[in-house]
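Here is how the chains run, residue by residue.
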Amino acid sequence: MNSGPLRRMGVIERFAGILPVSDKTPVITLLEGSTPLIEAVNIKKSLGVSFDIYLKYEGMNPTGSFKDRGMTVAVSKAAEKGSRAVICASTGNTSASASAYAVRGGMKSIVVIPEGAIALGKLSQALIHGASVVAVKGNFDRCLEIVKDICENYEVEMVNSINPFRIEGQKTAAYEVFQDLGRMPDYQFMPVGNAGNITAYWKGYREISESGGCTPPRMMGFQASGAAPIVEGRVFDNPETVATAIRIGNPASWKKAEEARDESGGVIESVTDSEILSAWRELACLEGVFAEPASAASLAGLKKSLSAGDIPEGFDGEAVLVLTGHGLKDPGRAVESVDPPGVVEADIEEVARAAGL
Ligand SMILES: *Cc1c(COP(=O)(O)O)cnc(C)c1O
């Protein structure tokens, strides 16, 4: 047994040596990062594969998504230079994270969201943290353009993933995977929206590989088929998918995502909404892991790669699936997708019968 308290560290403290911070940087943290890497034994069995599958469960970050890793660095650097306000365009999770970290840093936060297109859990987070929430009659891509214009004209710090400090913070997840596995995985499957996260993981893996001489994983990125600009090589003017976190028609880090794909020998492909939703249910029903729909693009992508023959027969290494956000962000979708509970009289026999005992 471990004697003494186990004190949790945030990513700036845990990874200071590889981040652009100094003694002068105020550390604004909610003790994010150090998320579980869960071995998915039941999914392995159900797929009938010989390689090991691990789930990097980023929904366990303080505001429920991986955005917190980048936000702690972006908001700390904004505080270092004396900024009083941060702003972001968001499909939901960035706004939840930015507003929480702004509170910690004593700053104002402004979040610009597409009207009616973000999950209720995420909206509730921004509102309860006291952000100025502005809903725009337009999609995420339009929100991002507006935020860029505002930053050129007003004294506010942009904390979208085009902020390089976001990418630096998010790359720490690659270091955690490497440390927890004790080696590089062979493949990493993940959803792609604005493509900041695939850019960040690739940066992290490349740094580890350059310092240790080991081969980084193939980056396997997946967009939703109704929002697949990188796959189809064209901007989507009206991106559509149930996976709202990746409903993006013109990714900010488009070129960097292609570099990650090409340098790692990976792919960027698309999966349909129905493939995403069945993978989402399998994660919940086979492994007990409740992620948000966008996160399940990673498992849907693994299944697609298997059927496309992108993974060699008999491969027995390791694949990591990044689960980017928590299922509780969007409980409405979960409740809609299953039968409602049966109602019976308050009677022991009726309850037992209804429960199938
Ligand atoms: C932001 C987000 C994504 C997409 O990440 P990008 O960096 O925009 O590619 C995927 N899933 C969830 C849950 C997110 O919050």
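Residue numbers here run from 1 along each chain, matching the order of that chain's written sequence. In view of the model being predicted, local features appear only for residues whose pLDDT reaches at least 70, and side-chain atom pairs are presented and counted only at 80 or more, with totals across whole chains, interfaces and linings using the full set of residues. Excluding hydrogens and water, the side-chain figures rest on all heavy atoms present in the structure.

1. What to know about helix α9 (residues 196-212)
Consideration 1: If you check α9, its first and last C-alpha atoms are 24 Å apart, about what 17 residues at 1.5 Å a residue would give, namely 24 Å.
Consideration 2: Secondary structure elements follow DSSP: runs of H or I no shorter than four residues count as helices, runs of E no shorter than two count as strands, and numbering proceeds from the N terminus. Among the residues trailing α9, Gly213 stands out with phi positive, at a value near 70°. One less than the residue count of a helix, multiplied by 1.5 Å, gives the span that helix is expected to have.

2. A look at the site of the ligand
Consideration 1: Being near a molecule or strand, for a residue, comes down to having at least one heavy atom within 4 Å of it. Taken together, 16 residues are adjacent to the ligand, and Lys67, Asn93, Asn194, Asn197 and Thr324 come closest.
Consideration 2: Within the side chain of Lys67, a nitrogen or oxygen atom sits 2.6 Å from an oxygen atom of the ligand.
Consideration 3: The definition of a polar contact used here is a pair of N or O atoms within 3.5 Å, where within protein one atom must be able to donate a hydrogen and the other to accept one, and adjacent residues in sequence count solely through side-chain atom pairs. At a separation of 2.8 Å, an oxygen atom of the ligand approaches a polar backbone atom of Ala195.
Consideration 4: Burial of the ligand by the protein chains amounts to 97% of its free accessible area of 390 Å².
Consideration 5: Per-class residue counts for the shell around the ligand are seven nonpolar, seven polar and two charged. Accessible areas in this description were obtained via Shrake-Rupley with a 1.4 Å probe; residue shielding takes into account the shown protein chains only. In the scheme used here, Gly and all other residues not listed as nonpolar or charged are polar, with Ala, Val, Leu, Ile, Met, Phe, Trp, Tyr, Cys and Pro taken as nonpolar and Asp, Glu, Lys and Arg as charged.

3. Examining the packing of helix α12 (residues 273-287) against helix α13 (residues 297-308)
Consideration 1: To obtain each axis, a line is fitted to C-alpha atoms, and for helices this fit is confined to the stretch in contact; angles are then taken between N-to-C directions over 0 to 180 degrees. Close contact between α12 and α13 brings their axes to 8 Å; oriented N to C, the two are set at 105°. The angle between α12 and α13 falls in the class roughly perpendicular. Within the contact between the two elements, α12 uses Glu275, Ile276, Ala279, Glu282 and Leu283 and α13 uses Ala297, Leu299, Ala300 and Lys303.
Consideration 2: Of the residues assigned to the contact of α12 with α13, the class counts are six nonpolar, no polar and three charged. Here roughly perpendicular refers to angles of 65 to 115 degrees, roughly parallel to angles under 35, roughly antiparallel to angles over 145, and oblique to all remaining angles. Contacts are assigned to residue pairs with any non-hydrogen atoms lying within 4.5 Å of each other.

4. Description of the sheet that holds strand β8 (residues 218-224)
Consideration 1: The pairing criterion for strands is at least two bridges between them, as found by DSSP. The mixed open sheet is built from six strands, whose spatial order is β1-β2-β10-β7-β8-β9. Both outer strands of the open sheet, β1 (37-39) and β9 (267-271), are each paired with one neighbouring strand and no more. Strand-to-strand twist across the sheet, computed as the mean angle between neighbouring axes with direction ignored, equals 25°.
Consideration 2: Bridge count between β8 and β9: five bridges; the pairing is parallel. Pairing of Ala224 across the sheet is with Val271, part of β9.
Consideration 3: Contacts from helix α11 (residues 254-264) reach β8 and β9, with the element oriented near 115° to β9.

5. A short note on the pairing of strand β10 (residues 318-323)
Consideration 1: Buried residues are those whose accessible area, probed at 1.4 Å on protein chains only, stays under 20% of the maximum for their type, while exposed residues exceed 50% and partly exposed ones sit between those limits. Among the six residues of β10, six are classified as buried, and the element is accordingly described as predominantly covered.
Consideration 2: Judged by which residues are buried, β10 turns out to be covered on both faces: Glu318, Val320 and Val322 on one side and Ala319, Leu321 and Leu323 on the other are all buried.
Consideration 3: One ladder, built from six bridges, connects strand β2 (residues 52-57) with β10; its direction is parallel. The residue bridging Asp52 from the neighbouring strand is Glu318, located in β10.

6. Some thoughts on the domain arrangement of the protein
Many descriptions give the size of an interface as the accessible area lost when the pieces come together.
Consideration 1: The source of the domain bounds is an automatic or database domain assignment. Considered domain by domain, the protein is made up of domain 1 (11-64 + 166-330) and domain 2 (67-163).
Consideration 2: Listed per partner, the contact involves 44 residues of domain 1 and 38 residues of domain 2.
Consideration 3: Reported buried area values correspond to the accessible surface (1.4 Å probe) lost by two parts on association, with both partners' losses combined. Both faces combined, the contact of domain 1 with domain 2 buries some 3100 Å², and carbon together with sulfur accounts for 53% of it.
Consideration 4: Of all residues in domain 1, Ile28, Arg166 and Lys329 bury the most surface against domain 2, accounting for 29% of the area lost on that side.
Consideration 5: What makes a salt bridge here is a side-chain nitrogen of Lys or Arg within 4 Å of a carboxyl oxygen of Asp or Glu, nothing more. One can count three salt bridges joining domain 1 with domain 2.
Consideration 6: With a closest N to O distance of 2.7 Å, Lys122 and Glu292 form a salt bridge.
Consideration 7: Here domain 1 is connected to domain 2 by 23 residue pairs in polar contact (both at pLDDT 80 or more).

7. Digging into the sheet that holds strand β6 (residues 157-158)
Consideration 1: Judged by pairing direction, the sheet is parallel, and its four strands sit side by side in the order β5-β4-β3-β6 without closing on themselves. Looking at the sheet topology across the chains shown, the edges are occupied by β5 (132-136) and β6.
Consideration 2: Here five bridges tie strand β3 (residues 85-89) to strand β4 (residues 108-114), and the two strands are oriented parallel to one another. Among the inter-strand pairings, Val86 is bridged to a residue of β4, identified as Ser109.
Consideration 3: Taken strand by strand, helix α6 (residues 140-153) contacts β3, β4, β5 and β6, and its axis lies near 150° from that of β3.

8. A look at the state of the cysteines
Consideration 1: When the sulfur atoms of two cysteines come within 2.5 Å, that pair is taken as a disulfide. Under the criterion given, the structure shown has zero disulfides.
Consideration 2: Distance from the sulfur of Cys151, which forms no disulfide, to the nearest cysteine sulfur (Cys88) is 9.9 Å.
Consideration 3: The class of Cys151 is partly exposed, set by a relative accessible area of 22%.

9. Some remarks on the pattern of salt bridges
Consideration 1: Evaluated as defined, the whole model comprises 23 salt bridges.
Consideration 2: The salt bridge partner of Glu168 is Lys203, with a shortest N-O separation of 2.6 Å. On the criterion of sequence distance, the pair formed by Glu168 in helix α7 (residues 164-170) and Lys203 in helix α9 is long-range, its members being 35 residues apart.
Consideration 3: For Glu168, a relative accessible area of 13% puts it in the buried group.
Consideration 4: Under the relative-accessibility criterion, Lys203 is labelled partly exposed at 24%.
Consideration 5: Lys171 is the partner of Glu207 in a salt bridge, and the nearest nitrogen-oxygen pair spans 3.0 Å. Taken together, the residues Glu207 in helix α9 and Lys171 in the loop between α7 and α8 (172-181) connect sequence positions 36 residues apart.
Consideration 6: Overlapping salt bridges, with partners in common, bring together Arg14, Lys56, Glu58, Arg69 and Glu176 in one network.

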